[in-house]
Amino acid sequence: MSKARALSGIQPTSGSFHLGNYLGAVRQWVELQNSHDTYYCVVDLHALTAGVDPAKLRDATLASAAQLIALGIDPEKSTLFIQSHVPAHNQLGWVMECITGFGEASRMTQFKDKSAKSGSDRTVVGLFTYPMLQAADILLYQPQYVPVGEDQRQHIELTRDLAQRFNATYQEIFTIPEGYILKAGAKIFDLQDPTAKMSKSASSTAGLIELLDTAQANTKKIKSATTDDGREVRFDEDKKPGISNLLTIHSAFSGRTIAELESEFDGKGYGDFKSAVAEVVTSHLDPIRERTQELLQDKGELTRLLKIGAEKAALVADETVRKAYDALGLIPRG
Ligand code: ATP
Ligand code: MG
């Protein structure tokens, strides 16, 4: 029997991924490589919605691909590619826009959050239509699973609705995908504002643990993480969001349960606990940062690997576009 397929993507909206991207998403991508037929992409077209800086985008795109490989995505096992190298994404993206209701798109909370931050004059239409391009990114590859963080749940729901709508109205073309979202680690919070998710595009990087930042900088950020006035290291997301976030992070890296950590730090202060979190995080990130830097020394090799990935991806994606266009009555060129 052939393996089930999984697909996901990450935006090059920053030169470095952060802990949430890794724990909420990429770590599962790596695991799924052994049991699934996996497709992973750096979604550079989506990054245009966050404002365009060509030099930064070029660097961040290659740095994203290098980080994925450093984190364990093996281009021999997975199809690893850059979204804009496969034009089928835009070709199906438009179809998705044409079957999405305006009201339906208006309900996307990520659009509301992101546009509220930048104000309506600086919000581009692409940010509004982003979930439809994302639906196309997914449906092109007919995956059963989409490993993502909690913040993407609503977009996956929309993707499923659009696939079902297309299948029911035109032809059964799309596989209905399921989100693959973990219980723990699916939402890592900002260290300075533990009620907001950690985000690449946050206005300040003070609460972000970036994978490519130095151990000293990350230790400093962990030690100055916002916590409550108490002393007890206890998991309570309502009353102790900062400490709970740090417990989640420690547990994800050390493999110890939250209960074990609570008893280990029973009677010790926040200072000791934060030092332990900093230690476990930086010891895991050091080799990843070094490996990323090595990979970025040979941009020719990275580009070669990404070209092979794009060619493999296009074979699947073009076939889906052909079927979808045919079902819609768009006639072939002949
Ligand atoms: P941006 O702020 O530009 O949207 P981002 O940090 O949200 O960047 P994305 O590229 O949008 O990162 O998302 C990549 C993956 O990381 C997605 O699967 C997303 O759900 C996941 N992810 C993002 N932030 C977190 C977080 N704080 N905790 C867990 N998973 C996250
Ligand atoms: Mg995001």
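Our structure is the block above this text.
No experiment lies behind these values; they were computed from the predicted model shown. (Residues numbered from 1 in each chain as written. Chains lettered and ligands numbered in written order. Predicted model: local features only at pLDDT ≥ 70, side-chain atom pairs only at ≥ 80, totals over all residues. Heavy atoms only, no water.)

A.B. asks: Help me get a handle on the overall build of the protein chain, residues and values and all.
C.D. replies: Counting secondary structure elements, the protein chain contains 13 helices and five strands. Its C-alpha radius of gyration of 21 Å places the protein chain within 12% of the 20 Å reference for a compact globule of 334 residues. Summarising its shape, the C-alpha atoms of the protein chain cover approximately 75 × 45 × 45 Å along the three principal directions. Taking the intrachain contacts of the protein chain between residues at least 6 apart in sequence as the baseline, contacts between residues at least 24 apart amount to 76%. Summing over all exposed atoms, the protein chain offers an accessible surface of approximately 16,000 Å²; the carbon and sulfur share of this is 51%. Here the protein chain carries 37 positive and 43 negative side-chain charges, and the mean point of each set is 1 Å from the other. (Helix = DSSP H or I, 4+ residues; strand = E, 2+ residues; numbered from the N terminus. Rg over C-alpha atoms; globule rule 2.2 N^0.38 Å. Contact = heavy atoms within 4.5 Å. Areas by Shrake-Rupley, 256 points an atom, 1.4 Å probe, with all protein chains shown as cover. Lys, Arg positive; Asp, Glu negative; His and termini not counted. Charge placed at Lys NZ, Arg CZ, Asp CG, Glu CD.)

A.B. asks: Quick one: what's the story with the side chain of His155, residue by residue and with numbers?
C.D. replies: Note on placement: His155 falls in helix 8 (residues 153-169). Look at His155 and you get buried, because its relative accessible area is 2%. A distance of 2.9 Å separates polar atoms of two side chains, one belonging to His155 and the other to Gln152. Those residues in contact with His155 that lie beyond four places of it in its chain are Met108, Gln110, Tyr130, Pro131 and Gln134. (Buried < 20%, exposed > 50% of the residue type's maximum accessible area, 1.4 Å probe, protein only. Polar contact = N/O pair within 3.5 Å; in protein donor to acceptor, adjacent residues only side chain to side chain.)

A.B. asks: Before we move on, could you go through unusual backbone geometry and cite the residues and values that matter?
C.D. replies: The phi dihedral of Gln142 falls on the positive side, at around 55°, and the residue is not glycine. Mapped onto the secondary structure, Gln142 falls in the loop between helix 7 (125-139) and strand 4 (145-147).

A.B. asks: Outline the packing of helix 3 (residues 54-71) against helix 13 (residues 299-328), supporting the account with residue identities and numerical values.
C.D. replies: Between helix 3 and helix 13, the shortest axis-to-axis distance is 11 Å and the interhelical angle comes to 80°. In this view, helix 3 runs roughly perpendicular relative to helix 13, as classed from their interaxial angle. Seen from helix 3, the contacting residues are Leu62, Ala65, Ala66 and Ile69; seen from helix 13, they are Lys299, Leu302, Leu305 and Leu306. (Axes fitted to C-alpha atoms, helices over the stretch in contact; angles between N-to-C directions. Parallel < 35°, antiparallel > 145°, perpendicular 65-115°, else oblique.)

A.B. asks: Hey, could you go over the site of ligand 1 for me, with residue numbers and the actual values?
C.D. replies: Surveying the vicinity of ligand 1 reveals 22 residues, the closest of which are Lys114, Asp151, Lys197, Lys200 and Ser201. Separating an oxygen atom of ligand 1 from a side-chain N or O atom of Thr13 is a distance of 2.8 Å. Tallying contributions element by element places helix 1 (residues 19-32) first for the shell around ligand 1, with four residues. Across the shell around ligand 1, the residue classes tally to six nonpolar, eleven polar and five charged. (Near = heavy atom within 4 Å. Nonpolar A, V, L, I, M, F, W, Y, C, P; charged D, E, K, R; others polar.)

A.B. asks: Would you mind going over the pairing of strand 3 (residues 79-82) in detail, with residue names and values included?
C.D. replies: Neither face of strand 3 is open: one carries Thr79 and Phe81, the other Leu80 and Ile82, and all of them are buried. Of the strand pairs in this sheet, strand 2 (residues 37-42) and strand 3 are connected by four bridges, and their pairing is parallel. Pairing of Cys41 across the sheet is with Phe81, part of strand 3. (Pairing = 2+ DSSP bridges.)

A.B. asks: If you had to explain helix 7 to someone new, which residues and values would you point to?
C.D. replies: Taking 1.5 Å of rise per residue, the 15 residues of helix 7 would be expected to cover 21 Å, and the 22 Å separating its terminal C-alpha atoms lies within 8% of that figure. Along helix 7, the largest kink reaches about 40° and is centred on Pro131. Judged by how many residues are buried, helix 7 sits mostly within the fold: 13 of 15 residues are covered. (Expected span 1.5 Å × (residues − 1). Bend = angle between axes of the 7 residues up to and from the residue.)

A.B. asks: Tell me what's going on with the environment of Thr205, and back it up with residues and numbers.
C.D. replies: Structurally, Thr205 can be placed in the loop between strand 5 (178-180) and helix 9 (215-223). On the basis of relative accessibility, which here comes to 41%, the residue Thr205 falls in the partly exposed class. Each C-alpha atom, one on Thr205 and one on Gln192, is 9.3 Å from the other, the two residues being 13 residues apart in sequence.

A.B. asks: Explain the pairing of strand 2 residue by residue, including any values.
C.D. replies: Side-chain positions along a regular strand alternate between the two faces of the sheet. Most of strand 2 is tucked away: five of the six residues are buried. Sheet analysis places strand 1 (residues 5-10) next to strand 2, joined by six bridges and oriented parallel. Looking at the pairing, Ser8 lines up with Tyr40 of strand 2. Handedness of the crossover joining strand 1 and strand 2 through helix 1 is recorded here as right-handed. (Right-handed = clockwise from strand over helix to strand, strands pointing away.)

A.B. asks: So what's going on with the pattern of salt bridges? Which residues, and what values?
C.D. replies: According to the stated counting rule, one finds 13 salt bridges in the structure shown. Between Glu260 and Arg256 there is a salt bridge, and its shortest N-O distance comes to 3.6 Å. When its relative accessible area of 39% is taken as the criterion, Glu260 is described as partly exposed. The exposure class of Arg256 is partly exposed, given its relative accessible area of 29%. Here Arg322 makes a salt bridge to Glu319, at a shortest N to O gap of 2.9 Å. Taken as a pair, Arg322 and Glu319 lie in helix 13 at a separation of three residues, close to a single helical turn. (Salt bridge = Lys/Arg side-chain N within 4 Å of Asp/Glu carboxyl O.)

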